[in-house]
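Read off the chains here:
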Amino acid sequence: MSSKKSDFSIFLGISLSLFCIGGAVWLLFIGKLAGAEFVALVLGGIVLSLIIYFSSEIQEFSIAGNAVKLRELKDEANQTIESLKQARTELFRLMLPQTLNFGGTWRGSSKVDERVDGFCQLHKAIQSFECTIQLKSDIEKVLRTLIISQYGNLSFIHQMPRKELNDPLDDLWKLQALSLHLTDAMIEAKRKSTIEFIKVKEDIYNAIDVYAKLYVIYKEIMSLPNS
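A. Quick peek at the overall build of the protein. Of the regular secondary structure elements, the protein holds 9 helices and 2 strands. Reading the helices (α) and strands (β) of the protein from amino to carboxyl end gives α-α-β-β-α-α-α-α-α-α-α. The proportion of buried residues among the 227 residues of the protein is 29%. Restricting to contacts in the protein with at least 6 residues of sequence separation, those with at least 24 account for 59%.

Here's what the structure looks like:
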């Protein structure tokens, strides 16, 4: 890794030096630079390229009498970035339980748990910022509540006793099993006289799809190492 970094520094330093020299020659040729300015620009490019190459060793350098401390600036930047990462993780930790709150609207007869969509969006954000391992236990707590709720909404298919939060989830049915066991008679039994059969069927299949999303996330979370 250090060899690659060193090779990149050499390439960048040489490229910058050649760019400055070439630019200085061109400006001198078209009469935009005097001799002293040409020398200053060439030397400046060479010095800057050397700074880039030796950036890992240089503690500080001076420009017009102003000292620039590279390592201190780098350390401060790294500390700031780390603090922001920790703050972001803690914000996600606070947001996760909030996904269990209902929106306050009338839930109706839908078999789809309305909270799942918000949780899935938040989970995607956590994944994109690579905070999943740090938040594994927090995600699992929320996920267990949601998957048990959604699985319970489909109990008319699997006919299993309702799960409690501390129950093992190893015997949960998969998407294919739920879809294969669903019959038109089950759908008709859930249909109210004012609702079309096809709409009830669509809602139930949406509920199965939502459950499948939670099931996949649960398996992924349980396969992760503890933080």
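There is more to say, and it comes next.
B. Looking closely at helix H9 (residues 197–223). Its 27 residues place the ends of H9 39 Å apart at the C-alpha level, agreeing with the 39 Å of an ideal helix rising 1.5 Å per residue. Every buried residue of H9 is listed here: Val 200, Ile 204, Ala 207, Ile 208, Val 210, Tyr 211, Ala 212, Leu 214, Tyr 215, Ile 217, Tyr 218 and Ile 221.

C. View of the packing of helix H4 (residues 116–128) against H9. Axis separation between H4 and H9 bottoms out at 11 Å; the angle between their running directions is 35°. Between H4 and H9 lies a crossing of left-handed hand. Across the interface between the two elements, Val 116, Phe 119, Cys 120, His 123 and Gln 127 of H4 pack against Val 210, Leu 214, Ile 217, Glu 220 and Ile 221 of H9. Tallied by class, the residues present in the contact of H4 with H9 amount to 7 nonpolar, 2 polar and 1 charged.

D. Local environment of the layout of surface pockets. Its volume calculated, the largest pocket comes out at about 240 Å³. In this structure, the largest pocket is lined by 15 residues; those nearest its centre are Val 116, Asp 117, Cys 120, Gln 121 and Lys 213. Among the secondary structure elements, those contributing two or more residues to the lining of the largest pocket are H4 and H9. Of all the elements, H4 adds the most residues to the lining of the largest pocket, at 7 residues.

E. Expanded view of the environment of Lys 192. Mapped onto the secondary structure, Lys 192 falls in the loop between helix H8 (184–190) and H9. In sequence terms Lys 192 and Ser 109 are 83 residues apart; their C-alpha atoms lie 9.5 Å from each other.

F. Spatial organisation of the pattern of salt bridges. This structure, assessed with the given rule, holds 5 salt bridges. The closest approach of N and O atoms between Glu 90 and Arg 93, which form a salt bridge, is 3.2 Å. A residue pair is termed a helical-turn pair when its members lie 3 or 4 positions apart in one helix, as Glu 90 and Arg 93 do in helix H3 (residues 70–98) at 3 residues. Accessibility expressed as a relative area gives 40% for Glu 90, which makes it partly exposed. Judged by its relative accessible area of 25%, Arg 93 falls in the partly exposed class. The residue Arg 93 makes a salt bridge to Asp 138 at a minimum N-O spacing of 2.6 Å. You can see Arg 93 sitting in helix H3 and its partner Asp 138 sitting in helix H5 (residues 136–153), a full 45 residues away along the chain. If you follow the salt bridges from partner to partner, you end up with Glu 90, Arg 93 and Asp 138 in one network.

G. Molecular detail of the packing of H5 against H9. One way to put it is that H5 packs onto H9 with a least axis distance of 10 Å and a crossing angle of 150°. Considering the angle they form, H5 stands roughly antiparallel to H9. For the crossing formed where H5 meets H9, the hand is left-handed. Together, Lys 136, Ile 139, Glu 140, Leu 143, Arg 144, Leu 146, Ile 147, Gln 150 and Tyr 151 of H5 and Ala 207, Val 210, Tyr 211, Leu 214, Tyr 215, Ile 217, Tyr 218, Ile 221 and Met 222 of H9 make up the contact between the two elements. Grouping the constituent residues of the contact of H5 with H9 by class yields 14 nonpolar, 1 polar and 3 charged.

H. Structural detail: the packing of aromatic side chains. Counted by the stated rule, this structure contains 3 aromatic pairs. Where Tyr 151 meets Tyr 211, the ring centres are 5.4 Å apart and the plane angle is 35°; that geometry is what we call tilted. Of this pair, Tyr 151 sits in helix H5 while Tyr 211 sits in helix H9, placing them 60 residues apart in sequence. Residue Tyr 211 is classed as buried on the basis of its relative accessible area, which comes to 0%. Measuring from centroid to centroid gives 6.1 Å for Tyr 211 and Tyr 215, while their planes differ by 45°, and the two rings are tilted. Of the two residues, Tyr 211 and Tyr 215 are both situated in helix H9; the distance of 4 residues between them amounts to about one turn of the helix. No difference in accessibility class separates Tyr 211 from Tyr 215, as the two residues are buried.

The rules behind the values
- Residues numbered from 1 in each chain as written.
- Predicted model: local features only at pLDDT ≥ 70, side-chain atom pairs only at ≥ 80, totals over all residues.
- Heavy atoms only, no water.
- Helix = DSSP H or I, 4+ residues; strand = E, 2+ residues; numbered from the N terminus.
- Buried < 20%, exposed > 50% of the residue type's maximum accessible area, 1.4 Å probe, protein only.
- Contact = heavy atoms within 4.5 Å.
- Expected span 1.5 Å × (residues − 1).
- Axes fitted to C-alpha atoms, helices over the stretch in contact; angles between N-to-C directions.
- Left-handed = near helix turned anticlockwise from the far one by under 90°.
- Nonpolar A, V, L, I, M, F, W, Y, C, P; charged D, E, K, R; others polar.
- 1 Å grid on protein atoms, 1.4 Å probe; cavity = no way out; pocket = protein on both sides within 12 Å on 5 of 7 lines; lining within 4 Å.
- Points joined across faces, edges and corners; volume = space filled by probe spheres on them.
- Salt bridge = Lys/Arg side-chain N within 4 Å of Asp/Glu carboxyl O.
- Parallel < 35°, antiparallel > 145°, perpendicular 65-115°, else oblique.
- Phe/Tyr/Trp six-rings, centres within 6.5 Å; stacked < 30°, edge-to-face > 60°.

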